[in-house]
Amino acid sequence: MADSVGEHAALFPGLAISHYSTVIIDIQQDDQPLVYVNPAFERLTGYSADEVLGRPWHFLEGRAKEDHALLRRVLETGQPETALLQNRRKDGSLFQYELTLEPLHDQSGELAYIVGFQQDVTVREAAIQQAEQRLQITLNNLPEAFISYDQHWTITYVNAAGAAMVGRPAAHLIGQALESVFPDPHRSPLIQAAGRVMESRETEHVSTYSDVLSREVETTVYATDDGVALLLRDVTAQRRDQQELQGSQERFSKVFDASPLAIIITRLRDGQFVEANPAFYQLSGYTRDEVIGHTSEDLQLWVRSDQRADLIHILQEQQRVIDREVDFRLQSGEVRSTTLSMVPLSLMGEDCIVSLVRDVSEEKRTRQQLKISEQAACHTAAELQRTLDLSLDLITSIDAQGQFVTVNAASQRLLGYEPAELIGHSYLDFVLPDDHNDSKGVATLLREEKKLTGFQNRYLHRDGSVVWLDWTSVRLPDGLTYAVARDVTERRAATEDLAFLAAIVQASTNAIIGTSLDGTIRSWNGGAERMFGFPTTEMLGRRITELTPPELRESEAYLLAHAAQGVSPPAIETTRLTRSGTRIPVQLSIAPIVNAAGTVIGVSGIVQDISGRWEAERQVQLLNARLQRQIEHLTGLRQIDQAITSSLDLTVILGIVLDQVKVQLAADAVTVLLLDPHELTLFYAATRGFRTTAPQGRAVRLGEELAGRVALTRQPMILNHLQNIAFIADWRDLLQQEGLTAYAAVPLIAKGKTLGVIEVLREQPFDLTSDGLETLQTLAGQAAIAVDNAQLFLELERSNLELGLAYQETIEGWARALDLRDKETEGHSRRVTSLTVELCRVLGVSAADLVHVRRGALLHDIGKVGIADAILLKPGPLTAEEWVEMRQHPLYAVDLLSPIHFLQPALDIPQHHHERWDGSGSPQGLKGTSIPLTARAFAVVDVYDALTSDRPYRAAWPRDQALAHIQAEAGAHFDPGVVQAFLALHH
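Owing to the predicted nature of the structure, the values given are computational and were not obtained by experimental measurement.

**Examining helix 23 (residues 553-564)**
Phase 1: The terminal C-alpha atoms of helix 23 lie 16 Å apart, and with 12 residues this matches the ideal 16 Å at 1.5 Å per residue to within 8%.
Phase 2: Those residues of helix 23 that fall on the buried side of the exposure criterion are Glu 556, Leu 559 and Ala 563. All buried residues of helix 23 lie within an arc of 50 degrees about the axis, which places them on one face of the element. Residues of helix 23 that are exposed and point more than 90 degrees away from the buried face comprise Glu 554 and Tyr 558.
Phase 3: The inward-facing, buried residues of helix 23 contact strand 23 (572-577), strand 24 (583-594) and strand 25 (600-609).
Phase 4: Backbone geometry just downstream of helix 23 places Gly 566 in the positive-phi region, at approximately 95 degrees.

Right, here's the structure in full:
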């Protein structure tokens, strides 16, 4: 490696211009001498290179213990390490620096050198001290307790919050010796920390429980000019959150901003890399073969390609580039932030560039983290806690006193307690008393050995149940025990269940047999002994095929082979041989036996004697067949009932009845004949199943042929040999064409009346048991009810039509009587009725309401029967008194028609046909849409018919003149919308 250092001396110009103090230590020599220091080191320490080269490196040590520890870690791990140290310069002045040690290996891979990078942080630390002094002034006004001591432990200042925390006025405390205020104070962790700070002058943060103050406090101890100052914050209620924050801050403090230095040489004329050190390969992720001879463009190292051209230009002008921040893309595609220093170099006659690349990604992230406020840190801690709360395992930390410090949300699921209910309490408060001693023993072992420990104990759930927890714990130097617990209650129960399972297997009445993969019997339970007659001692070690009949061995070997491959075939029904040679029917279920590694190590079989089950299944099948017939029967009755209640169409109902008869009696053809009581004949109303010509249109006289005799006698008939029965020719021909040889018929009887006959025909003889005949008679009874209901409905419907016709003829008679009384309006009622119905249909009046429109239009002037003939038939103009009487005829119509119930819906036209749209009409002066729509429509039609009809006092108007008048009255006399519909009707 020494030769290698000489060969690569060309790399030192890059180190020479770095602003980081850099040294190289040869660790292969016993005294570990310094073999290189750069000018930055000389400026930092005051020593020249000649004064230090060749001398053991630790002569410069400030704190030998820390430096040796740092060097030992690098030598042990082979990884870079960073620490904050302090030392003295040549002139004796103290300075603080950040030291990064990075290992270098020779070509054989052995560790040969250590490169140290030193950064002077003295100014930064001084600025921190000044900030602490300003903070001390600020703390005087803070609500947190603030107490300062001089070097002799005399209290020099106490703010109001501090006096309140101690419980004494500030005036009684300032100037008092520490021992006079607090008994035995130097046992307190706070005072011990203050003592350390007084010696080291380095700020400490202490979070502990103070016995003197009787509370949890978070304390920051500062070094002052003449002693120390303590800033105390009561965090009793917020202990958990503060501990989480403390943990977060500790993690942040471990993030170092130093990174390894990568060095690479580039030929200027073609941009190819000619040499690179191992740190570059480690940083970039590329191998030497992937780098040497290639350019940065080949490797796509530059995130911004224009940056390289800019830096080359600066290098050519200024002959160097110092610590420029650039982003590089690694072989993995990850982008890293780096600082780049470049110097020109002539190497073997070629103009080259030496580039020093330092990964500062972590530094940038660390600087950003250092700028994050306390609020952001709290937020991070809260996010971390939420992440921990997602864990199904209990994650906790326990202090030296055995109290829970942090607990994640899994405590609620595992133990029934919220984290806040556990924090601050001893873990023994929740451990089952029987496990206290074992738990304490594990805690002692953790304190003494401080290594990862696993154990199990029992906790009490809030509901009183016992929970087994499997713990993995470790005790760290901070005094806290960190532990993860998993609920293994079910796993423990499963172990116990195995014992129960073994007892169940042994007691099972089924044969449970385990075999190895070659078919050798390994286990044989009591059920197997009882089923096959072989004792366990006799069967262990024998082949399972001894129980299988010879003809089944090949097929079942196939199933066993599949099980050996991890497949669980479905259960099969097969046969097995007993010791006596008897064959018994069994159900066989086989499955692979798999060990913890997932490997099939055998096959298990459960054999159940199904002799009794086979017999039971046969009985069940017989019972099911009977039940199925009964269900079909009930379903058929239900369908017929639904048809009867949902429809009065006799054809539909009879079709459903015949379908059910055909299905339930396995008939080939069925018919239903209905009786005509006037002609005393049966006629075919419906048929099913005939393949040729159905017997439609023929009549059977009562008492004749088979159906006529069934109807007359009202008794069922069953004939299995129709060949011996005399039939009329067409009926005999039909039976022969269809191949029907068996006949059954039942009468349809309802309310004591014979309504018809159902005939059932089959190609095969009937075997009608009492159940089958009862089914046929029941279906016939349902059909009779349907026929009776349909006939009653037809009679009722006919009566309703005759009654409605009588109503209509009566109303039309009244209308004609009115026209005959008033000669001038003869035919008027008929015309206006027809036109009003047509207009109301256009206006959207329903068909049901049009009936009432027709009746109202016919009777619109029925009230005039109450007007004296002297007024009604007066040839000349009416007087004012006579007009008052005449305008009463709509009210007379109401008095006359309202007592008649079926005419009440028709009153709108007789009562309101003289109302006007503008409200000036009679008899009530209704206006607009308060006038019924049918009355508004009739008003237009009534006026139009009057204008286009001849009167004794004037001739009829032409049609166009009458329509123009109607349109002119829209909005005054008539509804404009009705007028529009009327005009459209006439155009």
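There is more to say after this.
**Some remarks on the nonpolar core**
Phase 1: Ranked by size, the top nonpolar core spans 29 residues in total, and within it Val 661, Val 672, Leu 748, Ile 758 and Val 760 carry the most contacts.
Phase 2: Looking at this core element by element, the count peaks at eight residues for helix 28 (residues 770-821).
Phase 3: Here Leu 748 is in contact with Val 672, Leu 673, Leu 674, Lys 753, Thr 754, Leu 755, Gly 756, Val 757, Ile 758, Ala 780, Ala 783 and Ala 784, once residues within four sequence places are set aside.
Phase 4: Membership of the second largest hydrophobic core comes to 27 residues, among which are Leu 835, Ala 937, Ala 939 and Ile 966.

**Re the pairing of strand 27 (residues 681-688)**
Phase 1: In this structure, strand 26 (residues 669-676) lies alongside strand 27, joined through seven bridges in antiparallel fashion. Paired with Asp 676 across the strands is Thr 681, a residue of strand 27.
Phase 2: Count of turn residues in the strand 26/strand 27 antiparallel hairpin: four residues, of which Leu 680 carries a positive phi of about 55 degrees.
Phase 3: Strand direction decides the pairing type here: strand 27 and strand 28 (residues 699-701), joined by three bridges, are antiparallel. For Thr 681, the partnering residue across the bridge sits in strand 28 and is Arg 701.

**A closer look at the environment of Leu 101**
Phase 1: Looking at the secondary structure, you find Leu 101 in strand 4 (residues 94-105).
Phase 2: Separated by 28 residues in the primary sequence, Leu 101 and Arg 73 place their C-alpha atoms 9.7 Å from one another.
Phase 3: Dropping the residues within four chain positions of it, Leu 101 is found in contact with Leu 70, Leu 71, Val 74, Gln 79, Pro 80, Glu 81, Ile 114, Val 115 and Gly 116.

**Remarks on the pairing of strand 31 (residues 753-762)**
Phase 1: A large share of strand 31 lies buried, amounting to nine of its 10 residues.
Phase 2: Pairing of strand 26 with strand 31, which is carried by six bridges, proceeds in the antiparallel orientation. Bridged to Leu 674 within strand 31 is Gly 756.
Phase 3: The antiparallel pairing of strand 30 (residues 742-750) with strand 31 creates a hairpin that spans two residues between the two strands, and Lys 751 there sits at a positive phi of about 55 degrees.

**Things to note about the side chain of Thr 481**
Phase 1: If you trace the backbone, Thr 481 turns up in strand 20 (residues 481-487).
Phase 2: When sequence neighbours within four positions are dropped, the list of residues in contact with Thr 481 reads Thr 396, Ser 397, Ile 398, Leu 446, Ser 473, Val 474 and Arg 475.

**What about the packing of helix 29 (residues 828-842) against helix 37 (residues 976-986)?**
Phase 1: Here helix 29 crosses helix 37 at 110 degrees, and the two axes come no closer than 10 Å. Looking at the two axes, helix 29 sits roughly perpendicular to helix 37. Every pair of crossing elements has a handedness; the one defined by helix 29 and helix 37 is right-handed. Contacts from Leu 835, Glu 838, Leu 839 and Val 842 in helix 29 reach Val 978, Ala 981, Phe 982, Leu 985 and His 986 in helix 37.
Phase 2: Of the residues in the contact of helix 29 with helix 37, the class split is seven nonpolar, one polar and one charged.

**Here's the deal with the packing of aromatic side chains**
Describing an aromatic ring pair means giving the distance of the ring centres and the angle of the ring planes.
Phase 1: As enumerated under the stated definition, the model contains 12 aromatic pairs in all.
Phase 2: Where Phe 404 meets Phe 430, the ring centres are 6.2 Å apart and the plane angle is 55 degrees; that geometry is what we call tilted. Remark: Phe 430 occurs in the loop between helix 18 (419-422) and helix 19 (436-449) and Phe 404 occurs in strand 17 (residues 404-407); sequence separation between them is 26 residues. Each member of the pair, Phe 404 as well as Phe 430, is classed as buried.
Phase 3: Aromatic ring contacts, followed pair by pair, group Phe 273, Phe 280 and Tyr 281 into a single cluster.

**Re the confidence of the model for the protein chain**
Low-pLDDT portions of the prediction should not be read for the details of their coordinates.
Phase 1: Looking at the protein chain as a whole, its pLDDT mean stands at 81, while 85% of the residues score no less than 70.
Phase 2: Here residues 1-11 is a poorly scored stretch, pLDDT under 50, and it has 13 contacts once near neighbours within four places are set aside; other chains count.
Phase 3: The low-confidence segment residues 247-259, where pLDDT is below 50, has 24 contacts with residues more than four positions distant or belonging to other chains.

**Points about unusual backbone geometry**
Phase 1: Of note, the bond from Ser 922 into Pro 923 is cis; its omega dihedral lies within 30 degrees of zero at 5 degrees.
Phase 2: As for its placement among the helices and strands, Pro 923 is situated in the loop between helix 34 (908-912) and helix 35 (933-947).
Phase 3: Although it is not a glycine, Leu 680 adopts a positive phi angle of roughly 55 degrees.
Phase 4: Of note, Leu 680 is situated in the loop between strand 26 and strand 27.
Phase 5: Leu 680 sits in the partly exposed class, given a relative accessible area of 45%.

**A look at the sheet that holds strand 30**
Backbone hydrogen bonds are what pair the strands of a sheet, in a parallel or an antiparallel way.
Phase 1: The six strands lie next to each other as 28-27-26-31-30-29, forming an open sheet whose pairing is antiparallel. What marks the edges here is a single partner per strand, and that holds for strand 28 and strand 29 (717-719). Mean inter-strand twist for the sheet, computed between neighbouring axes without regard to direction, equals 25 degrees.
Phase 2: Bridging between strand 30 and strand 31 involves nine bridges; their strand directions are antiparallel.

**Notes on the environment of Val 832**
Phase 1: Inspection of the secondary structure assignment puts Val 832 in helix 29.
Phase 2: What makes Val 832 buried here is its relative accessible area of 0%.
Phase 3: Residues in contact with Val 832, not counting those within four places in the same chain, are Ala 857, His 860, Phe 938, Val 941, Asp 942 and Asp 945.

**Regarding helix 26 (residues 705-713)**
An α-helix turns once per 3.6 residues; consequently, residues spaced three or four apart project the same way.
Phase 1: Those residues of helix 26 lying buried are Leu 706, Ala 707, Gly 708, Val 710 and Ala 711.
Phase 2: Contacts made by the buried residues of helix 26 are with strand 26, strand 27, strand 28, strand 29, strand 30 and strand 31.
Phase 3: Just downstream of helix 26 lies Arg 714, where phi reads positive at about 60 degrees.

**Section: the side chain of Ser 361**
Phase 1: Looking at the element boundaries, Ser 361 is found in helix 15 (residues 361-371).
Phase 2: On the basis of relative accessibility, which here comes to 6%, the residue Ser 361 falls in the buried class.
Phase 3: Within the structure, the side chain of Ser 361 is placed 2.9 Å from the backbone nitrogen of Ser 337, a separation counted as a polar contact.
Phase 4: Every residue in contact with Ser 361, bar those within four places of it in the chain, is listed here: Arg 336 and Ser 337.

**Remarks on the pattern of salt bridges**
Opposite charge on two side chains lets them pair, provided their charged atoms get close.
Phase 1: By the definition in use, this model includes 28 salt bridges.
Phase 2: Between Arg 336 and Asp 359 there is a salt bridge, with the nearest N and O atoms lying 2.3 Å from each other. Here the residue Arg 336 occupies a position in strand 14 (residues 335-347), and Asp 359 occupies one in strand 15 (residues 350-359), the gap between them amounting to 23 residues.
Phase 3: On the accessibility criterion, Arg 336 (21% relative accessible area) is partly exposed.
Phase 4: The partner of Arg 831 in a salt bridge is Asp 945, with the nearest N and O atoms 2.7 Å apart. Residue Arg 831 is found in helix 29, and its partner Asp 945 is found in helix 35; the two are separated by 114 residues along the sequence.

**As for the packing of helix 35 against helix 36 (residues 959-968)**
Phase 1: Taken N-terminus to C-terminus, the directions of helix 35 and helix 36 make an angle of 145 degrees; their axes are 10 Å apart at the nearest point. Relative to helix 36, helix 35 is oriented so that their crossing is right-handed. Residue-level inspection shows Val 940, Val 943, Tyr 944 and Leu 947 of helix 35 in contact with helix 36, the latter providing Arg 959, Ala 962, Leu 963, His 965 and Ile 966.
Phase 2: Among the residues forming the contact of helix 35 with helix 36, the class breakdown is seven nonpolar, one polar and one charged.

The rules we used
- Residues numbered from 1 in each chain as written.
- Predicted model: local features only at pLDDT ≥ 70, side-chain atom pairs only at ≥ 80, totals over all residues.
- Heavy atoms only, no water.
- Helix = DSSP H or I, 4+ residues; strand = E, 2+ residues; numbered from the N terminus.
- Expected span 1.5 Å × (residues − 1).
- Buried < 20%, exposed > 50% of the residue type's maximum accessible area, 1.4 Å probe, protein only.
- Arc of directions from axis to C-beta.
- Contact = heavy atoms within 4.5 Å.
- Core = buried A, V, L, I, M, F, W, Y, C linked by side-chain atoms within 4.5 Å.
- Pairing = 2+ DSSP bridges.
- Axes fitted to C-alpha atoms, helices over the stretch in contact; angles between N-to-C directions.
- Parallel < 35°, antiparallel > 145°, perpendicular 65-115°, else oblique.
- Left-handed = near helix turned anticlockwise from the far one by under 90°.
- Nonpolar A, V, L, I, M, F, W, Y, C, P; charged D, E, K, R; others polar.
- Phe/Tyr/Trp six-rings, centres within 6.5 Å; stacked < 30°, edge-to-face > 60°.
- pLDDT = per-residue confidence, 0-100.
- Polar contact = N/O pair within 3.5 Å; in protein donor to acceptor, adjacent residues only side chain to side chain.
- Salt bridge = Lys/Arg side-chain N within 4 Å of Asp/Glu carboxyl O.

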